[in-house]
Amino acid sequence: MNRRFTVSGSQELERLISSQMDIISNEVQKIFEKNDLAALILGGGYGKGEGGVCKTAEGERTFNDYDFFVITNNISRKLKIKYHQKLQELHKTLTEKFRIDVDFAFPVNRSSIKKLPFTQMWGELKPAHIIVYGDKNILEAYQHSDLSFIPLSEAKKLLLNRGYGLVLARNRIE
């Protein structure tokens, strides 16, 4: 990966995050049967290259969370539930190991991408993400990309999400 994960992180922190992405990718691939996993996508701040950096006495470290989107190759809902449960177990292990939340969204079938509704989450993901594993063009099927047409209900969610993030940041700093 040659994109940055942060705006202000050092090269050392960028290398650390990159190595964590490799570990996460390998661990996720171990969960899935051959050909069931189409892509693992890093979204959120780190996927946009705007991930949080916290400077501590020990040096820089990541701040907030890693947001992953899991795209599958058109598997049954029952199988997606099984994989999601395993991903939640992996979430606990990796969150403890990396000291940052490693979140996995519920798996979405590749064929469903073009039918997904216009939401803030997917609308932000399409133009700014990092494919950690799989098909680099997988999000081309998503129909919505102009965030100026985002539904009002999604805009409200975005404001609440950003406000909550500011509260968490203030609490952590204090």
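Reading guide: rules and limits
- By convention here, each chain's residues receive numbers from 1 onward along its written sequence.
- Owing to the predicted nature of the model, reporting of local features is limited to residues with pLDDT of at least 70; listing and counting of side-chain atom pairs is limited to 80 or more, with chain, interface and lining totals taken over all residues.
- Only hydrogens and water are removed before side-chain values are computed, so all heavy atoms of the structure are retained for them.
- Think of it this way: any DSSP run of H or I at least four residues long counts as a helix, any run of E at least two long counts as a strand, and we number them from the N terminus.
- In a helix, the anticipated span is given by 1.5 Å times the number of residues less one.
- In this scheme, a residue with accessible area under 20% of its type's maximum is buried, one over 50% is exposed, and one in between is partly exposed, where area comes from a 1.4 Å probe on protein chains only.
- Taking the helix axis as origin, the arc is that swept by the directions to the C-beta atoms.
- Note on contacts: a residue pair is in contact if any heavy atoms of the two residues lie within 4.5 Å.
- Between 30 and 60 degrees the pair is tilted, below 30 it is stacked and above 60 it is edge-to-face, where a pair is any two Phe, Tyr or Trp rings, Trp via its six-membered ring, whose centres lie within 6.5 Å.
- We call two N or O atoms a polar contact when they sit within 3.5 Å, provided that within protein one can donate a hydrogen and the other can accept it, with sequence-adjacent residues counted only if both atoms are side-chain atoms.
- Here a cavity denotes a set of grid points, spaced 1 Å apart and computed over the protein atoms alone, in which a 1.4 Å probe fits but from which it cannot get out, and a pocket denotes an open set meeting protein on both sides within 12 Å along at least five of seven lines; residues with an atom within 4 Å of a point are reported as lining.
- Grid points are joined across faces, edges and corners, and a volume is the space filled by probe spheres set on the points.
- Only Asp, Glu, Lys and Arg are considered charged, only Ala, Val, Leu, Ile, Met, Phe, Trp, Tyr, Cys and Pro nonpolar, and every remaining residue, Gly among them, polar.

Draft legend 1. Inspection of helix 3 (residues 77-98) at higher detail. The terminal C-alpha atoms of helix 3 lie 30 Å apart, and with 22 residues this matches the ideal 32 Å at 1.5 Å per residue to within 8%. Those residues of helix 3 that sit buried are Lys80, Tyr83, His84, Leu87, Leu90, His91, Leu94, Thr95 and Phe98. Buried residues in helix 3, looked at end-on, bunch into an arc of 135°, giving them a common side. Turned more than 90 degrees away from the buried face of helix 3, the exposed residues are Lys78, Glu89, Lys92 and Glu96. Residues of helix 3 that are buried sit in contact with helix 1 (11-31), strand 4 (65-72), strand 5 (101-104) and strand 6 (108-109). Where helix 3 ends, the next residue or the one after it, Arg99, has phi of about 60°, a positive value.

Draft legend 2. Up close: the packing of aromatic side chains. Per the counting criterion, the structure on display carries 6 aromatic pairs. Ring centres of Tyr46 and Tyr66 lie 5.1 Å apart, and the angle between their planes is 80°; on these two criteria the pair is classed as edge-to-face. One end of the pair, Tyr46, is in helix 2 (residues 44-48); the other, Tyr66, is in strand 4, with 20 residues separating them in the sequence. A relative accessible area of 1% places Tyr46 in the buried class. Following the ring pairs from residue to residue traces out a cluster consisting of Tyr46, Tyr66, Phe68 and Phe104.

Draft legend 3. Region of interest: the side chain of Thr6. Within the secondary structure, Thr6 is located in the segment before helix 1. Here the side chain of Thr6 touches Gly9 through a polar contact of 2.9 Å, landing on its backbone nitrogen. Once you skip the residues sitting within four places of it in the chain, Thr6 turns out to touch Leu13, Glu14, Ile17, Tyr46, Gly49, Glu50, Gly51, Gly52 and Val53.

Draft legend 4. Summary view of the environment of Thr6. Residue Thr6 is classed as buried on the basis of its relative accessible area of 1%. Each C-alpha atom, one on Thr6 and one on Ser153, is 29 Å from the other, the two residues being 147 residues apart in sequence.

Draft legend 5. Structural view of the layout of surface pockets. There is about 180 Å³ of room inside the second largest pocket. What lines the second largest pocket is Leu16, Gln20, Thr56, Glu58, Gly59, Glu60, Arg61, Thr62, Phe98 and Arg99. Where the lining of the second largest pocket is concerned, the elements lending two or more residues are helix 1 and strand 3 (59-63). At 4 residues, the largest contribution of residues to the lining of the second largest pocket is made by strand 3. A breakdown of the residues in the lining of the second largest pocket according to their chemical character gives 2 nonpolar, 4 polar and 4 charged.

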